Amino acid sequence: MKIVRRKKNLNIRTGKKHTVREYTYCECLDFAEASYRHRIYPLLYCHLEFSGHLDIDRLKQAVNLSARIVPEILFSYSFRRGAFVNSGHTADDAVKYLTDKTTVPLRPDLSKHPQLQILITPGQGQDHVLVIMSHILTDGAGFLQYLYLLASFYNEALCMGNLYDGKFYSPKAAGKYKRNERKLSPLLKNIRVQAPTEQSRHNRLRSVPPLRPSSKGRQPFCLTAQIPEDSMKLLHSKAKRHGVTLNDIFMTAYARTIARLLNTDTAVLSCPADLRRFSPEYQELTVANMTGMYQRVAIELPAGCSFGTALQQIHLEMSLQKSRRRCFAGITILNRAFHKTPRPLLEQIIKAVYRASPVSYTNFGIVDHEKLRFNGCTLQNCFFTGAYRLPPDFQLTISTFKNVCTLNCTLLGIPNDRKNGQKILNQVKQEIEDWLKDSESLPVL
């Protein structure tokens, strides 16, 4: 992360000057997200439902404190310069209290607004909070890290009579996270990417048809289907007996749904991978883009193929791709080229090499409800979503909170897209529930 200039700002309370960043250059994977902004505007969303009400002043105070560690949350983004720019935004620009007549800005312009937006809609004894985060600034794992940091500052903050004076007075939060690490290079050391799997090579030219038709519709839909806690407990138990992961199960259900809808015997998915997990010693706060991609996970689903057989096939393929570090493919080269190639040319290369699929999948993982806790109110529900997809693109996202799994898709389209999107979610859910009821033995491949 290259920081090119700093300036001194006067602190009103103390009369002392403290250093403030003016702008921060983006990293290569930040730039990759920005390159697709005309097709997939780079935003992530977290939906929070509280019993009770948040203290707005305290929340703004927590945002200002967290900006001392992750200053880019209050910066705008210059697409021309490829940098986060200090435009003078404060927590007042990031935290908005909505009324019934307020139009919710689902797609704020990142070149004019902060990279973080917190929209609070009050209800009778409850708050619905929508947190919007720039995907240029961070990936899903980093977004969750930031929310934990924000909650820590919110809970540690003193009463508003003791305003922030330029120093951390929240010792637990500030002591744990002294800085944010955005450099990708440390994760790429000693990583050797091996050859693609036989399954990937065999299906490298196979096309991925869309799941919904093209249209000029731009009506937004945020659709969900939930797998309840009782079913998730059974799912954990059965996954353990079969030696597979929950992610393997979700991908199998999605692949079988795709195959049925498209009337095909082979489904091809891409699966994101958190690169941080390949460097266990990398324990820094990383509000950054550090996600690689298993580009082509091909699942063969001939007539009569059971869920269990497809599941073992996916588990084997994912295990091979993980052991071969296929999620790092191309990233080392991109990281080197990023600092030597003119940005317009690099954007063209990214679009040619990293093609966006019309069918995608993201598992945000498990939200730690002990870390995402705001004193004074109770968080009852939480789920994450990706960007709103233009027709004909479709993305399935998954997140789990308090052992309740939420399947989601966020779409722009026409009213029929809402019906079709909900149908896909329900079918994926039904695939999982049917497998839970199935007593088939573990197949031998």
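Look up: the structure comes first, before these words.
This write-up is about the structure you can find in this document.

Broken down by element type, the protein chain carries 13 helices and 15 strands. In the protein chain, buried positions account for 52% of the 445 residues. Restricting the contact set of the protein chain to residue pairs at least 6 apart, pairs at least 24 apart contribute 76%.

The next subject is the pattern of salt bridges. A side chain with one charge can pair with a side chain of the opposite charge if their charged atoms come near. By the definition in use, this model includes 11 salt bridges. Among the salt bridges present, the one from Asp92 reaches Lys60, with a minimum N-O distance of 3.0 Å. In this pair, Asp92 is assigned in helix α3 (residues 91–94) and Lys60 in helix α2 (residues 56–66), connecting sequence segments 32 residues apart. In this structure, the salt-bridge partner of Lys351 is Glu347, at a minimum N-O distance of 3.5 Å. Taken together, the residues span about one helical turn, with Lys351 and Glu347 both in helix α12 (residues 343–353) at a distance of 4 residues. Shared partners join several salt bridges into a network, and the residues in it are Asp139, Asp274 and Arg276.

So, about the pairing of strand β8 (residues 126–134). With 7 of 9 residues buried, β8 lies mostly within the body of the structure. As judged from the 9 bridges shared by strand β3 (residues 43–51) and β8, these two strands associate in the antiparallel manner. Opposite Tyr45, over in β8, you have Ile132 as the bridge partner. Here strand β7 (residues 116–123) runs beside β8; their pairing, made up of 8 bridges, is antiparallel. By the bridge assignment, Ile118 is partnered in β8 with Val131. In sequence, β7 turns back onto β8 through a hairpin of 2 residues, with Gly125 there showing a positive phi of about 70 degrees.

For Gln313, the location among the structural elements is in helix α10 (residues 307–323). One polar contact links Gln313 to Gln199, side chain to side chain, over a distance of 3.0 Å. One polar contact links the side chain of Gln313 to the main-chain amide nitrogen of Glu300, over a distance of 2.7 Å.

So, about unusual backbone geometry. Residue Pro392 is bonded to the preceding Pro391 through a cis peptide linkage, with omega at 5 degrees. Phi at Arg325 is positive, roughly 55 degrees, even though this residue is not glycine. As for its placement among the helices and strands, Arg325 is situated in the loop between α10 and α11 (331–338). With a phi close to 50 degrees, Lys402 is a non-glycine residue in the positive phi region. In this structure, Lys402 sits in the loop between β14 (394–401) and β15 (404–413). The partly exposed category is assigned to Lys402, whose relative accessible area is 37%.

Throughout the structure, instances matching the rule amount to 2 cavities of 30 Å³ or more. As a volume, the largest cavity reaches approximately 50 Å³. Leu48, Leu54, Leu59, Ile118, Val129, Val131, Leu147, Leu150 and Phe374 together form the lining of the largest cavity. Listing elements by their share of the lining of the largest cavity, those giving two or more residues are β8 and α4 (140–156). Looking at the lining of the largest cavity residue by residue, the class counts come to 9 nonpolar, no polar and no charged. As a volume, the second largest cavity reaches approximately 30 Å³. Around the second largest cavity, the lining residues are Gly140, Leu144, Phe364, Gly365, Val367, Phe384 and Ser399. Ranked by residues supplied to the lining of the second largest cavity, first place goes to strand β12 (residues 359–367) with 3 residues. Residues belonging to the lining of the second largest cavity are distributed by class as follows: 4 nonpolar, 3 polar and no charged.

In the structure shown here, the tally under the stated rule is 12 aromatic pairs. Between Tyr45 and Tyr388 the ring centres are 5.4 Å apart and the planes differ by 85 degrees, which places this aromatic pair in the edge-to-face class. Of the two residues, Tyr45 is situated in strand β3 and Tyr388 in the loop between β13 (378–385) and β14; the sequence distance between them amounts to 343 residues. With relative accessibility at 2%, the residue Tyr45 sits in the buried group. Seen from their ring centres, Phe364 and Phe384 are 5.5 Å apart, and the 25 degrees between their planes marks the pair as stacked. You can see Phe364 sitting in strand β12 and its partner Phe384 sitting in strand β13, a full 20 residues away along the chain. Grouping aromatic residues by their ring pairs yields a cluster made of Phe50, Tyr154 and Phe374. Note that Arg58 overlies the ring of Tyr154, its terminal NZ or CZ placed 4.9 Å from the centroid. Its guanidinium or amino end placed over the ring of Phe338, Arg343 lies 4.1 Å from that ring's centre, counting from NZ or CZ.

Conventions adopted
Residues numbered from 1 in each chain as written. Predicted model: local features only at pLDDT ≥ 70, side-chain atom pairs only at ≥ 80, totals over all residues. Heavy atoms only, no water. Helix = DSSP H or I, 4+ residues; strand = E, 2+ residues; numbered from the N terminus. Buried < 20%, exposed > 50% of the residue type's maximum accessible area, 1.4 Å probe, protein only. Contact = heavy atoms within 4.5 Å. Salt bridge = Lys/Arg side-chain N within 4 Å of Asp/Glu carboxyl O. Pairing = 2+ DSSP bridges. Polar contact = N/O pair within 3.5 Å; in protein donor to acceptor, adjacent residues only side chain to side chain. 1 Å grid on protein atoms, 1.4 Å probe; cavity = no way out; pocket = protein on both sides within 12 Å on 5 of 7 lines; lining within 4 Å. Points joined across faces, edges and corners; volume = space filled by probe spheres on them. Nonpolar A, V, L, I, M, F, W, Y, C, P; charged D, E, K, R; others polar. Phe/Tyr/Trp six-rings, centres within 6.5 Å; stacked < 30°, edge-to-face > 60°. Lys NZ or Arg CZ within 6 Å of the ring centre and 35° of its normal.

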